[in-house]
Amino acid sequence: MDFVCFSEDSFDAVNWINTIFEPNKNENSKDKVFTTCVSRLQIYVEQVNFALEKSSLQVTGLIPHVIKEVNWLQTELELLTSKMSQLQSEIGQIQSSTGSFMSSLERSEKILRRIQSIKSAMQESDGWSTLANELDDLLERKDIDAIEEKFIALQNSFKAQQDFPGQTDRELQIEYFANRIESLISPMIIQCFQTGGVEPCLKYVGMFRIIQRANHLEQCYRTVHKKTVSDSWARLVENCDSIEVLSEFYNNLHEFLQGQIKWCKKVTIDPIEPFHVMIEALLQIQPNRGDFVRKHLEISSSKIETLSNIATIDNSFSVSLKKTTEHYNIVDGLQERIQNAIFSYFEQFISNYFELERSFGTELLQSYSIKDGNITEIVRTLNNTNDKISKWISNVFHRSMVISRNRTSIYLIALFKKFFVKYIEYFASLQKQLLYYNAENTDWSLIQLNVNTLQYLSDFYQIMQDCESKISNITNSSTDKNANADISETLWTDEQLKNNGDLYFPDEYKALRKTSWRIHNNVIKLILHTIEKRMNEMTFQKSQNNDNFVLPDCSYAPQEYVTQIGQYLLTLPQHLEPLLLSPPITLQSLLKFCDNAYISEKPCSDVLLSLVAEEITALYQEKIDNILSLSTSGAKQLAADIEYYENVLEEMSLPASEHFQQTVMLLKVPAEQFNSASTGCSARLVTTIRQKRNILSC
């Protein structure tokens, strides 16, 4: 039997007992197992008791020994504490007795160092004149290597006499010799700068640093190479009369820059210096680049193209330099100076550029004059016109990005505002002419022309939105002046349309909305014009003899005027195809913009036909109201006409008028049943029909 499980934390007596008795199912076996387990447990308990008793006796025997050891440790601790106190007292006495001797020793050491310093300074003072005379002699003989060594010795002698009188005179002598050395080696280092020699230049650069004229060295370097750059530009301009000269100059300058950076590293000159040379040279070269550009603009037949080409050359040079500066980890401050040196001369031409674009846009609009052209042909060419305008606007953004590096969105806004106003006026003028234009098959032709014009205006509306989005992107972009202005085409949401959420062209959108509404209204007016002509044929005059007998309702057929109206309405969708059959998203957007009725879940076709139906119904009602008197037959005839009209609306999936339904019922009901049948109808309508039918009220 395993007794180890009794010591486990998870020991469960019930589970243990069940485990013991599980193999023995019958009662006899269980009794036998029980007896065996009890016997074994009793033996195990006796063993445990014996082990505990033995351990207790051992512990009891060790207690006196442990007490003795503790007492001994306590005695030793007291003795150690006494010795440490005695030692601390002795240390204090030693410090007190030796403190004065240590102070005297430190003072003596300081005096000794001072004496040695004075001795050294006196020796240097004695040798100063000798060093100065020797250096003067070496300068006369132009012995460069010896001069460097002797000047270093003179500097060391100067430092050694730092606290002695006459140091100001000695400092003046150092400056005198530094000036003479600089005068001696300046022509030599200039020659090294010009020829690109490395070994001699290293020696002269080192000497400039020894005489502490590093700033003069940098200035000398810049002066030499600025002249090199300026001479290169002057030669190019003199030998060639093309804007490509600027590109060639930039290429040469970039090669010069890269070569000088490597050379400066070899001769231990700061590799930033070539950039300073380039910056100063670009700002000082003659003839200056502004005059160069102005000259070519004067002789250019396409000034915009010339400006764009020159700006492209500048931008390409800027991009190349940016890669170089990033490679050499040029600091931001210098980066800004480089960009300013490249582009500052061109600022004067940016406002001129936008004036050129404005003139070009004006000429573009003038080419679309409608005064002398055939209006049908003009409408047909509107799609091509929009394409040209869209292309021009895209080119403007591209040129603006190149020429102004997208820093002048205010110029773009002003430019496009003027252009949009003029082009919307063009559509407004076209709308007026379309309203009164007499063509063959006037109704359908004019409707189609107006629908097409509305479609092309919606395309222009999309152009305006894209333009506004691009300007917004430019305005909100980072300070990266070379950022691309290309933007994905987007349409406004219905919510933005409801809020009239324009950014830069509020007045232009207002004018566009007004014009688009008028063109849309043209379509409805033209439809109503045809309907009205048919309704003018509607006549109902009372006859004294037609009430002698009453025909059944089925005997009345709709009159010709209303059947012609029905046929016209049923053929209307095919003539409004761009509006009804899968209208382009741009047209949907414009319809929502010009009339709030289109801002719904309904298709544009349903909205337009419902607007037409409302107007026709109102017109029909007006004609009915003008009928003063109706015979019984006349009333039934009018009821038949109205029912036919309502059937046409139902065929077109348009809602029927409850007012018309009540009118039909009141027209058809026998006079003796009129009062009872009119219950629940509009009181005004009941009165009107009663008067027309000459029915007396109760």
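**Q** Describe the overall build of the chain, naming the residues involved and giving the relevant values.
**A** Helix and strand counts for the chain come out as 26 helices and zero strands. Counting only residues that meet the buried cut, the chain has 41% of its 698 residues in that class. The contacts in the chain between residues at least 6 apart in sequence include a share of 76% that link residues at least 24 apart. Summed over all atoms, the accessible surface of the chain reaches about 39,800 Å², with 51% contributed by carbon and sulfur.

**Q** Would you mind going over the packing of aromatic side chains in detail, with residue names and values included?
**A** Within the structure shown, the criterion is met by 31 aromatic pairs. Ring centres 6.3 Å apart and planes at 25° place the aromatic pair Phe-419 and Tyr-423 in the stacked group. You can see Phe-419 and its partner Tyr-423 sitting in helix α15 (residues 409-436), four residues apart, about one turn around the helix. Neither Phe-419 nor Tyr-423 differs from the other in exposure class; each is buried. Seen from their ring centres, Tyr-423 and Tyr-426 are 5.6 Å apart, and the 10° between their planes marks the pair as stacked. Taken together, the residues span about one helical turn, with Tyr-423 and Tyr-426 both in helix α15 at a distance of three residues.

**Q** Break down unusual backbone geometry for me, citing the residues and quoting the values.
**A** Trans peptide bonds make up the majority, and among non-glycine residues the majority have a negative phi. Along the chain, Gln-286 connects to Pro-287 via a cis peptide bond; the corresponding omega equals -5°. When you line up the elements, Pro-287 lands in the loop between α8 (273-284) and α9 (289-299). Here Thr-268, not a glycine, exhibits a phi torsion of approximately 60°, which is positive. Structurally, Thr-268 can be placed in the loop between α7 (244-266) and α8. Looking at Thr-268, the relative accessible area reads 41%, which means it is partly exposed. The backbone phi angle of Ser-653 is positive, close to 60°, even though this residue is not glycine. For Ser-653, the location among the structural elements is in the loop between α23 (632-651) and α24 (658-668).

**Q** Just give me the short version of the nonpolar core, but keep the residues and values in it.
**A** Within the largest apolar cluster, 176 residues are counted, with the highest numbers of intra-cluster contacts made by Phe-193, Phe-416, Phe-505, Tyr-620 and Leu-638. For this core, the leading source of residues is helix α16 (residues 442-476), giving 14 residues. Discounting residues that sit within four places of it in the chain, Leu-638 has contacts with Phe-540, Tyr-561, Tyr-620, Ile-624, Ile-627, Leu-630 and Leu-667.

**Q** Provide a residue-level description of the pattern of salt bridges, including the pertinent values.
**A** By the definition in use, this model includes 18 salt bridges. In this structure, Arg-222 engages Glu-280 in a salt bridge whose closest nitrogen and oxygen atoms are separated by 3.2 Å. Taken together, the positions of Arg-222 in helix α6 (residues 214-239) and Glu-280 in helix α8 put the pair 58 residues apart, joining distant regions of the chain. Of the residues examined, Arg-222 reaches a relative accessible area of 14% and is grouped as buried. Residue Glu-280 is classed as buried on the basis of its relative accessible area of 15%.

**Q** Tell me about a nonpolar patch on the surface, and please be specific about residues and values.
**A** Taken together, Val-59, Ile-63 and Ile-67 make up a surface patch of nonpolar side chains, about 270 Å² in accessible area. Structurally, Val-59 is set in helix α2 (residues 27-141).

**Q** Which residues make up helix α4 (residues 167-195), and what values do they have?
**A** Between its first and last C-alpha, α4 extends 41 Å over 29 residues, near the 42 Å set by a 1.5 Å rise per residue. A maximum bend of about 35° is found in α4 at Ile-185, where proline Pro-187 lies one to four positions downstream. Of the residues flanking the end of α4, it is Gly-196, one or two places downstream, whose phi is positive at about 85°.

**Q** Tell me about helix α12 (residues 350-366), and please be specific about residues and values.
**A** An ideal rise of 1.5 Å per residue puts 24 Å on 17 residues; α12 measures up with 25 Å between its terminal C-alpha atoms. Restricting attention to buried positions, one finds in α12 the residues Ile-350, Tyr-353, Phe-354, Glu-357, Gly-361, Leu-364 and Leu-365. One side of α12 carries all its buried residues, which in axial view fall inside an arc of 115°. Every exposed residue of α12 that faces more than 90 degrees away from the buried side is listed here: Glu-363 and Gln-366. Check the buried side of α12 and you find it contacts α10 (303-327), α14 (382-404) and α15.

**Q** Give a detailed account of the side chain of Ser-678, specifying residues and quantitative values.
**A** Mapped onto the elements, Ser-678 comes out in the loop between α25 (674-677) and α26 (683-693). Judged by relative accessible area, which is 10%, Ser-678 ranks as buried.

**Q** So, the packing of helix α18 (residues 506-535) against helix α19 (residues 560-575): which residues are in play, and what are the values?
**A** Following both chains from N to C, one finds α18 and α19 inclined at 160°, their axes separated by 8 Å at the closest point. With respect to α19, the element α18 is oriented roughly antiparallel. The hand of the α18/α19 crossing is right-handed. Contacts from Leu-526, Ile-527, Thr-530, Ile-531, Arg-534 and Met-535 in α18 reach Tyr-561, Gln-564, Ile-565, Tyr-568, Leu-569 and Leu-572 in α19. Of the residues in the contact of α18 with α19, the class split is nine nonpolar, two polar and one charged.

**Q** Summarise a positive patch on the surface; cite the residues concerned and give the values.
**A** A surface patch of positive charge is lined by Lys-432, Lys-510, Lys-514, Arg-518 and Lys-525. Summarising the element assignment, Lys-514 is placed in helix α18.

**Q** Describe the environment of Met-188, with residues and values.
**A** Considering the arrangement of structural elements, one finds Met-188 in helix α4. Here Met-188 falls in the partly exposed class, since its relative accessible area comes to 24%. In this structure, the C-alpha to C-alpha distance between Met-188 and Pro-200, residues twelve residues apart in sequence, is 8.5 Å. Once residues lying within four places of it in the same chain are set aside, the contact partners of Met-188 are Ile-144 and Tyr-204.

**Q** A description of the environment of Ile-378 should follow, citing residues and the corresponding values.
**A** Note that Ile-378 resides in helix α13 (residues 375-380). For Ile-378, a relative accessible area of 10% puts it in the buried group.

**Q** Describe the packing of α10 against α14, listing the residues and the values that go with them.
**A** To describe two helices that pack against each other, one gives the angle between their axes and the distance between the axes. Closest axis-to-axis distance for the α10/α14 pair is 8 Å, and the angle between their directions is 50°. By the criterion of interaxial angle, the relationship of α10 to α14 is oblique. Seen along the crossing, α10 lies across α14 with a hand that is left-handed. Counting all contacts with α10, which are made through Ile-304, Leu-307, Ser-308, Ala-311, Thr-312 and Asn-315, the residues of α14 involved are Arg-399, Met-401, Val-402 and Ile-403.

**Q** Describe the confidence of the model for the chain, and please don't skip the residues or the numbers.
**A** Of all residues in the chain, 86% attain a pLDDT of 70 or more, and the chain-wide mean is 82. This stretch, residues 478-501, has a pLDDT under 50; its non-local contacts, to residues over four places away or in other chains, come to 43 contacts.

Rules used throughout
Residues numbered from 1 in each chain as written. Predicted model: local features only at pLDDT ≥ 70, side-chain atom pairs only at ≥ 80, totals over all residues. Heavy atoms only, no water. Helix = DSSP H or I, 4+ residues; strand = E, 2+ residues; numbered from the N terminus. Buried < 20%, exposed > 50% of the residue type's maximum accessible area, 1.4 Å probe, protein only. Contact = heavy atoms within 4.5 Å. Areas by Shrake-Rupley, 256 points an atom, 1.4 Å probe, with all protein chains shown as cover. Phe/Tyr/Trp six-rings, centres within 6.5 Å; stacked < 30°, edge-to-face > 60°. Core = buried A, V, L, I, M, F, W, Y, C linked by side-chain atoms within 4.5 Å. Salt bridge = Lys/Arg side-chain N within 4 Å of Asp/Glu carboxyl O. Patch = residues over 30% accessible without salt bridge, like charges linked within 9 Å, V, L, I, M, F, W, Y side chains within 5 Å. Expected span 1.5 Å × (residues − 1). Bend = angle between axes of the 7 residues up to and from the residue. Arc of directions from axis to C-beta. Axes fitted to C-alpha atoms, helices over the stretch in contact; angles between N-to-C directions. Parallel < 35°, antiparallel > 145°, perpendicular 65-115°, else oblique. Left-handed = near helix turned anticlockwise from the far one by under 90°. Nonpolar A, V, L, I, M, F, W, Y, C, P; charged D, E, K, R; others polar. Lys, Arg positive; Asp, Glu negative; His and termini not counted. Charge placed at Lys NZ, Arg CZ, Asp CG, Glu CD. pLDDT = per-residue confidence, 0-100.

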